[in-house]
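Commentary on secondary and tertiary structure
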Amino acid sequence: MKEILFITPPFTQLNTPYPATAYLKGFLNTKKISSFQMDLGIEVILELFSKKRLHEVFNIAFENEKLSSYNAQRIYSLKEEYLNKIDAVLTFLQGKNQTFARQICSDNFLPRASRFEQLEDLDWVFGSMGIQDKAKHLATLFLEDLSDFIVECIDENFGFSRYAERLGKSANSFNELYESLQEEPSYIDTISLKILEDKLQEIQPKLICISVPFPGNLYSAFRCAQFLKEKYPDIKVSMGGGFPNTELRSLTDVRVFDFFDYITLDDGELPIELLLSNVLNSTSTNPDFKQFKRTFLKEDNKLVYNNLSSKKDYNQASLGTPDYSDLLLDKYISVIEIANPMHSLWSDGRWNKLTMAHGCYWGKCTFCDISLDYIKNYEPIAATLLVDRMEQMIAQTNETGFHFVDEAAPPALMRALAIEIIRRSLTVTWWTNIRFEKSFTKDLCLLLKKSGCIAVSGGLEVASDRLLALIKKGVTVEQVAKVTSNFTEAGVMVHSYLMYGFPTQTIQETVDSLEMVRQLFELGCIQSGFWHQFALTTHSPIGLNPSEYGIIPQYKNISFANNDIDFKDKTGINHDKFSFGLKKSIYNFMNGIGFELPLQEWFEFKIPKTTVKDDFIISCFEEEEDFSTKPSAKIYWLGGTPLISEFTKSKKGKSKHMLQLIFHENNGNFEISLEAEKGEWLLNSLEKLAVTEKYSFTFSELKSDFENHFADFELFWYSKPIHVLRDNGLLVL
């Protein structure tokens, strides 16, 4: 028996748990409150894609005469092949039986339907990715074919990472969702509810908290809540998460509370603690009686927003370490939908999820919900505490991969985190979301790579300086080019979020933006990207002040979800028509092809020629070497101790005692030669400058120490030997 049951309803990710419930469970551990968490989505997927269930699916499709398309008929005809392979394929995608990859990659092993039609030359598409990734991609297509069959013949709402998403998107009224819940549960619903009921018999909670991060979880959340109200009316049920935090702040439809007892907004720790306190003791003797935090509930058949508690939210340092226990960590499924190593990070591999900072340190982007708590309340976590939590999570999950799910990770905190990881000799792999700040110098990128950073994602949005200024992004295209190049040269992959259809954006700016993106891909500055069409949201600066951005909102009566707003752009441009061409182009760019094609090739309608020079991006890198270093800059040495040999150098009858320092690295070696006395000083200095040392020396301190022994520090610092070291791990940050 547990006091609280956390549920993530179908569906979010196949490869790793959505972290909200793990965060909350970690917090409750600090309060000695017992809880259990389940990812109902992955449990449904594992049940649905089993030999027993698929056999049932095929029978239902045949008996109900649903085999109307050629694709469905083909899959049904090959049903024995699918049934015989499904369990082994799923086991392989769970990271077991890796030798099975060779079978998967062999000709005529997996049955192939429509998802395989675009595969003409796998060896070329996959390049050097290797047989395991090739097999994962083929196995992913195998599952997607089955998914298409389920959508066509069994349940049109099914999707691997969402269910009935259309009911949650822009659902200004609760009517459509409410009506769908009056219908008989779907086939997928029956699987979900059976798994849920079995868990309830085991856990017997007092309070159930359903986390709804996305519109694609909403229907299933309500279906679960409906089942709970019918079968277990004494158990209190609450909803929280990203969807209510952004969409349900203007809720007025009291029918929602036929399903849920509570809906909490923003950070969930304190609201849930207060909910449980009231559930366990609902009398006036409880000091928290009817004292809630950011909570909707029903009283006297009326919807009430209760924010009466005077207690303050917990700071980030006191929330505890995310706890992934209870979740089926060895059962998640790694899939590869596209043969691009950066793009696959979202779907391939089991990632521990952490946050460096609550909120966004920038908090100015005009398209972003910066008025909401999860953006505007910025609170970083100390690097030492972050690494403490990483070590605790590694011990619990046996996984050393981390995805920091920040709105935008702060560069200074990333630097501190990297140094702390290196000082503790941790071998980890991590990636995060950033702004393309000028702070990400070549040296900082090298430090991040050394600590285990393999990738970053960030918003270039519209590759137009005019529009970037309108967005208040705080970057320019030139700056983005330099920063992404710094990451790529350090061996860190880059994904860019791209946007089209921003208010006042012209057709010419869309075409020029695509040309900028083409050049960035061709030069290897970015490896992955995704185009999003601009969406107007209620809580963004544009949504709050639309007239300033040349748009006319089409407001509707709101009784349920309130986030996306329809609008008309005064330019009158139909930006929808660019969607296919933009996405087609970037798909090719991510596969390393199509750079030589005219931009017109991606569109079926006439577009203007780009006004961007074909060498614009490469010209961004042409700058003179900077011979100024801030006195307060920290100096770090990433390399090791060199081998030393002595020799005598003669010139014009004069001899100099010299040292040759040979540095060996993982992928080679390099050497430098200096006068013996300066060489000895440098050896001692490198030892003190090692990033593993606790004290960090500034440039000013290093200069002073040099000048205690020699003259002309600048001449020494900008000499060839130091230049070689600067190229090989002597960092200035």
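Residues numbered from 1 in each chain as written. Predicted model: local features only at pLDDT ≥ 70, side-chain atom pairs only at ≥ 80, totals over all residues. Heavy atoms only, no water.

To continue, consider the pattern of salt bridges. On inspection of all chains with the given rule, the structure shows 32 salt bridges. D313 is the salt-bridge partner of R294, the closest N and O atoms lying 2.8 Å from each other. Pair noted here: R294 is in the loop between α13 (269-280) and β6 (295-299) and D313 is in the loop between β7 (302-306) and β8 (352-354), with a separation of 19 residues, a long-range link. Residue classification places R294 among the buried positions, given a relative accessible area of 11%. Looking at D313, the relative accessible area reads 34%, which means it is partly exposed. D727 is paired through a salt bridge with K442; the nearest N and O atoms lie 3.9 Å apart. Residue D727 is found in the loop between α27 (720-726) and β24 (730-732), and its partner K442 is found in helix α17 (residues 442-451); the two are separated by 285 residues along the sequence. We classify K442 as partly exposed; its relative accessible area is 37%. Ionic contacts of the salt-bridge type, sharing partners, join the residues R249, D266, R294 and D313 into one network. (Salt bridge = Lys/Arg side-chain N within 4 Å of Asp/Glu carboxyl O. Helix = DSSP H or I, 4+ residues; strand = E, 2+ residues; numbered from the N terminus. Buried < 20%, exposed > 50% of the residue type's maximum accessible area, 1.4 Å probe, protein only.)

Backbone hydrogen bonds hold the strands of a sheet together, and the pairing may be parallel or antiparallel. Strand order in the open sheet formed by three strands is β20-β21-β22, with antiparallel pairing between adjacent strands. Each end of this open sheet is capped by a strand with a single partner; those strands are β20 (643-651) and β22 (668-675). The average angle at which neighbouring strand axes cross in this sheet is 25°, direction not considered. Where β20 lies against strand β21 (residues 654-665), nine bridges are found, and the strand directions are antiparallel. Within β21, the position partnered with L643 by the bridge is I662. Where helix α24 (residues 676-689) meets the sheet, its contacts fall on β20, β21 and β22, and the angle it forms with β21 comes to roughly 30°. (Pairing = 2+ DSSP bridges. Axes fitted to C-alpha atoms, helices over the stretch in contact; angles between N-to-C directions. Contact = heavy atoms within 4.5 Å.)

Secondary-structure assignment places S485 in helix α19 (residues 477-489). If near-sequence neighbours (up to four positions away) are discounted, S485 is found in contact with C525 and F621.

Our next topic: the nonpolar core. If you look at the biggest cluster of nonpolar residues, it comprises 170 residues, and the most contacted ones within it are F49, F222, W430 and F560. In terms of residue count, helix α8 (residues 131-153) provides more of this core than any other element does, ten residues in total. Among residues more than four places away in sequence, those in contact with W430 are M356, F402, F404, M414, L417, I421, L448, S451, G452, C453, I454 and A455. Counting residues in each nonpolar core, the second largest holds 26 residues, with F663, I672, L682 and F713 among its members. (Core = buried A, V, L, I, M, F, W, Y, C linked by side-chain atoms within 4.5 Å.)

Below, the discussion takes up the packing of aromatic side chains. By the definition in use, this model includes 49 aromatic pairs. Grouping aromatic residues by their ring pairs yields a cluster made of W681, F699, F706, F710, F713, F716 and W717. A cation over an aromatic ring shows up here: K577 above the ring of F605, its NZ or CZ 4.8 Å from the ring centre. (Phe/Tyr/Trp six-rings, centres within 6.5 Å; stacked < 30°, edge-to-face > 60°. Lys NZ or Arg CZ within 6 Å of the ring centre and 35° of its normal.)

Among all positions of helix α1 (residues 20-30), only T21, A22, L24, K25, G26, F27 and L28 are buried. Looking at the buried residues of α1, the elements they touch are β1 (4-8), β2 (35-39), β3 (207-211) and α13. Residue K32 follows α1 closely and has a positive phi angle near 60°.

With that settled, the discussion passes to the sheet that holds strand β14 (residues 493-500). Reading across from one edge, β8-β11-β12-β13-β14-β15 is the order of the six strands in this open sheet, with parallel pairing throughout. Two strands in the sheet have a free side with no partner beyond their single neighbour: β8 and β15 (528-533). Across this sheet, the average inter-strand angle for adjacent strands is 20°, counted without regard to direction. Sheet topology note: the strand β11 (residues 401-404)/strand β12 (residues 429-434) ladder contains four bridges and is parallel. Across the sheet, F402 pairs through a bridge with W430, a residue of β12.

What follows concerns the pairing of β20. Within β20, only zero of the nine residues are buried, which leaves the element largely exposed. Counting the residues in the hairpin turn of β20 and β21 gives two residues, including K652, whose phi is positive at 55°.

Along an α-helix, residues three or four positions apart point the same way, because every turn accommodates 3.6 residues. Look at helix α16 (residues 411-423): 18 Å from first C-alpha to last across 13 residues, which is about the 18 Å you get at 1.5 Å a residue. Turning to α16, its buried residues number three or more, namely P411, L413, M414, L417, A418, I419, E420, I421 and I422. S425 sits one or two positions beyond α16 and adopts a positive phi of about 55°. (Expected span 1.5 Å × (residues − 1).)

The next thing to look at is the pairing of β2. Taken across its five residues, β2 has five buried, putting it largely inside the fold. Side chains of β2 alternate between two faces, with S35, Q37 and D39 and F36 and M38 buried alike. Note: β1 against β2, five bridges, orientation parallel. Pairing of F6 across the sheet is with Q37, part of β2.

A cluster of nonpolar side chains, L523, I618 and F621, forms an exposed patch at the surface whose accessible area comes to about 230 Å². Within the secondary structure, F621 sits in the loop between α23 (616-619) and β19 (634-637). (Patch = residues over 30% accessible without salt bridge, like charges linked within 9 Å, V, L, I, M, F, W, Y side chains within 5 Å. Areas by Shrake-Rupley, 256 points an atom, 1.4 Å probe, with all protein chains shown as cover.)

We now examine the state of the cysteines. The full count for this structure, using the stated rule, is zero disulfides. As a non-bridged cysteine, C209 has C224 as the owner of its nearest cysteine sulfur, 14 Å distant. Cysteine C360 shares no disulfide, and the gap to the nearest cysteine sulfur, in C365, comes to 6.6 Å. You can call C360 buried: its relative accessible area is 15%. (Disulfide = S-S within 2.5 Å.)

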